[in-house]
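Examining the three-dimensional arrangement
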Amino acid sequence: MIAASNLQAAQHRLARLYLTKLQTVEDAMRRSVVNKIYGKSLLDKEWPQIIRWQQHAASNLGTAGGWAQLCRDYGSQAINTIFFTCTITERIAWWKSALEAARLAGDKLFERTFLNKLAGEYSSLGQLDTVKTYALELLALAQSDNDLNFIANATYQLATIAEDQGYLDEAVQYYQQALALFEQLKFEVKIGRALYGLGAIALTQGDFAEAHRYFSRYQVLTDQPGLEGDHCYALQGVAEALQNLGQLDAAEAAFGQAINLARQISFQNAIGPVLIGLGSCLLERGQLTEAIANLEEGMILAREYSGLGDALHALTRLGYAYWQRHEWSPALAYLLEALEKARQSQFRLHLVRIHRYLSLVYLSMGQVSESRQHLLAALLENQSLNSLPEQAQLLLTAALYAARIGSAQLGAHWLGAALPRTDAGSPVATQAHREVLSALGAERVHALLTEGRDLSVETMLQQVIHQLESTGGAPA
């Protein structure tokens, strides 16, 4: 009995010792680049023992001896450390044990903290029903204690759910509510993240200048020691807005700055998404080999650290890159993998893009029926999303499809409506224009393009849907 008591006391002392080491790392992670580098070097030495004793505390939650309090402390003292270094699977396991410990310890504050962390992790996996469960529980607890901070956090999580489901107006309302509360609390990091959410929606809706303003505000807020992780995200947002504004040199420079900073502080959570962003930018420049290399590296990291949405982005862009290289087999493999994963989540915009790219690949392979099915699926899924850039891309794809199946006149009409809203030099636009020109001649194509420019994209998309549904994709 005495031996057992002594053993438990020794284990408790060791658990406390490595908790103290974790606290030292955590303090460093909250500070400047130099401190973060020091903290990471210390963590590399101590991590196996920190993990061992955190897991020991978690496995003894139901016993006496203060293990629940210790497990809670391993959670509360690891907020930044876990964010910077762990995979998604590791983060979820850590926060789940910390949440259970906080509940056993009767600690309402950290119960709210860990509910919020778990909502964020499951959001990155696209498991939105789970996110909603955590977010609503968090909101109820926060409202019962009038905790404005976690009311704001819960509202922010509800915004991410609405955004991922494609309910963009609802998402904007939630983000703005969260932003107002974070501003009231003067919580700069969370102010920035709400701005990022609003910027991401502006990108989806095609308001690239507004997106750039949101991301730039985030960049200014986070340009200070201790906020380097969020600064990586801000730079990525700015880069994506610049890319969509056609400022590819500036976009590439901003992506490069973000990658350098993320690597400097070993921020695995950001390296993958930024590499994917850079790869997408290089794809726009026609640098296919470099684009594919960045996309593949980013995809590997995204799978482990940053989540399904980033991995889907990489898979989708890789499919498009290989389509441009006329390598149908890898293009199809990447896109079918993306489709399978997207169907397991509720990331609707990703699903639209995957179907659109699959339509292109199947069309190039001569499999018209499969191309039609995916184009129609993309069009129907996109109807409620209100993404103007995606609408224009869908119309371009429809124009190429029409030209390829013998409806060049219809294709030229649709192309005319799409071109003012998109990049006329893109591979899809160039190919569609070349095919209608070959079929109809320059004079007729010019007249049809001019007619198309006077028609709305929404009207043309409804025509495309009607055509695909009523004729089975046969020439009109």
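Residues numbered from 1 in each chain as written. Predicted model: local features only at pLDDT ≥ 70, side-chain atom pairs only at ≥ 80, totals over all residues. Heavy atoms only, no water.

Here we look at the side chain of Thr85
Basically, it comes down to this: Runs of E in the DSSP output that reach at least two residues are strands. Runs of H or I that reach at least four are helices, and both are numbered from the N terminus. Relative accessible area decides the class of each residue, using a 1.4 Å probe on protein chains only: under 20% of the type maximum gives buried, over 50% gives exposed, and in between gives partly exposed. Within 3.5 Å is the distance limit for a polar contact, defined as a pair of N or O atoms, with the added protein rule that one can donate a hydrogen and the other accept it, and that residues adjacent in sequence qualify only through two side-chain atoms. Any two residues having at least one pair of non-hydrogen atoms within 4.5 Å are treated as being in contact.
For Thr85, the position within the fold is in helix H4 (residues 79-85). Residue classification places Thr85 among the buried residues on the basis of a relative accessible area of 15%. Among the polar contacts made by the side chain of Thr85, one reaches the main-chain carbonyl oxygen of Thr81 at a distance of 2.7 Å. Those residues within four positions of Thr85 in sequence are excluded, and the remaining contacts are Met29, Lys40, Leu43 and Tyr305.

A few points about the packing of helix H5 (residues 88-104) against helix H6 (residues 108-124)
The condition that has to hold: All axes are obtained by fitting lines to C-alpha atoms, using only the stretch in contact for helices, and the reported angles, taken between N-to-C directions, cover 0 to 180 degrees. We call two directions roughly parallel when the angle between them is under 35 degrees, roughly antiparallel when it is over 145, roughly perpendicular when it lies between 65 and 115, and oblique otherwise. Note: crossing handedness is left-handed where the near helix turns anticlockwise from the far helix by less than a right angle, and right-handed where it turns clockwise. Throughout this entry, Asp, Glu, Lys and Arg are counted as charged residues, while Ala, Val, Leu, Ile, Met, Phe, Trp, Tyr, Cys and Pro are counted as nonpolar. The remaining residues, Gly among them, count as polar.
Close contact between H5 and H6 brings their axes to 9 Å; oriented N to C, the two are set at 155°. Classified by the interaxial angle, the pair formed by H5 and H6 is roughly antiparallel. Note on packing geometry: the crossing formed by H5 with H6 is left-handed. Residues Ile88, Arg91, Ile92, Trp95, Lys96, Ala98, Leu99, Ala102 and Arg103 of H5 form the contact with H6, whose own contacting residues are Phe110, Glu111, Phe114, Leu115, Lys117, Leu118, Glu121, Tyr122 and Ser124. Partitioned by chemical class, the residues of the contact of H5 with H6 number 11 nonpolar, 1 polar and 6 charged.

With respect to the packing of aromatic side chains
The criterion, for reference: A pair of Phe, Tyr and Trp rings is counted when the ring centres sit within 6.5 Å of each other, with Trp represented by its six-membered ring. The angle between the planes then sorts it: under 30 degrees is stacked, over 60 is edge-to-face, the rest tilted. Look at NZ for Lys and CZ for Arg. If either is within 6 Å of the ring centre and within 35 degrees of the ring normal, a charge sits over the ring.
Tallied over the entire structure, the rule returns 17 aromatic pairs. With a centroid separation of 5.7 Å and 70° between ring planes, the pair formed by Tyr233 and Phe267 is classed as edge-to-face. Residue Tyr233 is located in helix H12 (residues 228-244), and its partner Phe267 is located in the loop between helix H13 (248-264) and helix H14 (268-284); the two are separated by 34 residues in the primary sequence. You'll find Tyr233 and Phe267 in the same group, each marked buried. These aromatic residues form a ring-pair network of at least three members: Phe83, Phe84, Tyr233 and Phe267. Arg356 extends its terminal NZ or CZ atom over the ring of Tyr357, reaching a point 4.7 Å from the ring centre.

Thoughts on the layout of surface pockets
Note the following rule: Of the grid points, spaced at 1 Å and generated over the protein atoms alone, those admitting a 1.4 Å probe that cannot get out make up cavities, while open sets with protein on both sides within 12 Å along at least five of seven lines make up pockets; any residue with an atom within 4 Å of a point is treated as lining. Grid points are joined across faces, edges and corners, and a volume is the space filled by probe spheres set on the points.
In this structure, the second largest pocket occupies an estimated 200 Å³ of space. Along the walls of the second largest pocket sit Leu125, Gln127, Ala302, Arg303, Gly307, Leu308, Ala311, Lys341, Gln344 and Ser345, which together make up its complete lining. Of all the secondary structure elements, the ones that give two or more residues to the lining of the second largest pocket are helix H15 (288-306) and helix H16 (308-324). Each residue belonging to the lining of the second largest pocket can be placed in one class, and the counts come to 4 nonpolar, 4 polar and 2 charged.

Examining the nonpolar core
Our working rule: Residues belong to one nonpolar core when they are buried, are Ala, Val, Leu, Ile, Met, Phe, Trp, Tyr or Cys, and are joined through side-chain atoms within 4.5 Å.
Counting residues in hydrophobic clusters, the biggest one holds 171 residues, and the most contacted among them are Tyr74, Trp94, Leu395 and Trp414. Not counting the four nearest positions on each side in its chain, Trp94 is found in contact with Leu22, Trp47, Ile50, Ile51, Gln54, Tyr74, Gly75, Ala78 and Ile82.

Topic: unusual backbone geometry
Although it is not a glycine, Lys186 sits at a positive phi angle of roughly 55°. In this structure, Lys186 sits in the loop between helix H9 (168-185) and helix H10 (188-205). Given a relative accessible area of 69%, Lys186 falls into the exposed group. Of note, the phi angle at Ser266 is positive, near 55°, even though the residue is not glycine.

Side note on the pattern of salt bridges
Selection criterion: A pair is scored as a salt bridge if a Lys or Arg side-chain nitrogen falls within 4 Å of a carboxyl oxygen belonging to Asp or Glu.
All told, the structure shown has 27 salt bridges when counted by the stated rule. Glu228 is the partner of Lys36 in a salt bridge, and the nearest nitrogen-oxygen pair spans 2.6 Å. With Lys36 in helix H2 (residues 33-59) and Glu228 in helix H12, this residue pair connects regions lying 192 residues apart in the sequence. With respect to class, Lys36 is no different from Glu228; both count as buried.

Let's talk about H16
So the rule is basically this: Given the number of residues in a helix, its expected span is that number minus one, multiplied by 1.5 Å.
Across its 17 residues, H16 extends 24 Å between first and last C-alpha, which sits within 8% of the 24 Å expected from 1.5 Å per residue. Burial of H16 is extensive: 15 of the 17 residues sit out of reach of the surface. Of the residues flanking the end of H16, it is His326, one or two places downstream, whose phi is positive at about 60°.

Digging into H6
When the terminal C-alpha atoms of H6 are compared, their 25 Å separation across 17 residues agrees well with the 24 Å that a helix rising 1.5 Å per residue should span. Counting buried positions along H6 yields 12 of 17 residues, so the element is predominantly enclosed. Along H6, the residues that are buried comprise Glu111, Arg112, Thr113, Phe114, Leu115, Asn116, Leu118, Ala119, Glu121, Tyr122, Ser123 and Ser124. Capping the start of H6, Asp107 holds a side-chain oxygen 3.2 Å from the backbone nitrogen of Leu109, two or three residues further along.

Function cannot be read off these values alone, since they describe shape.
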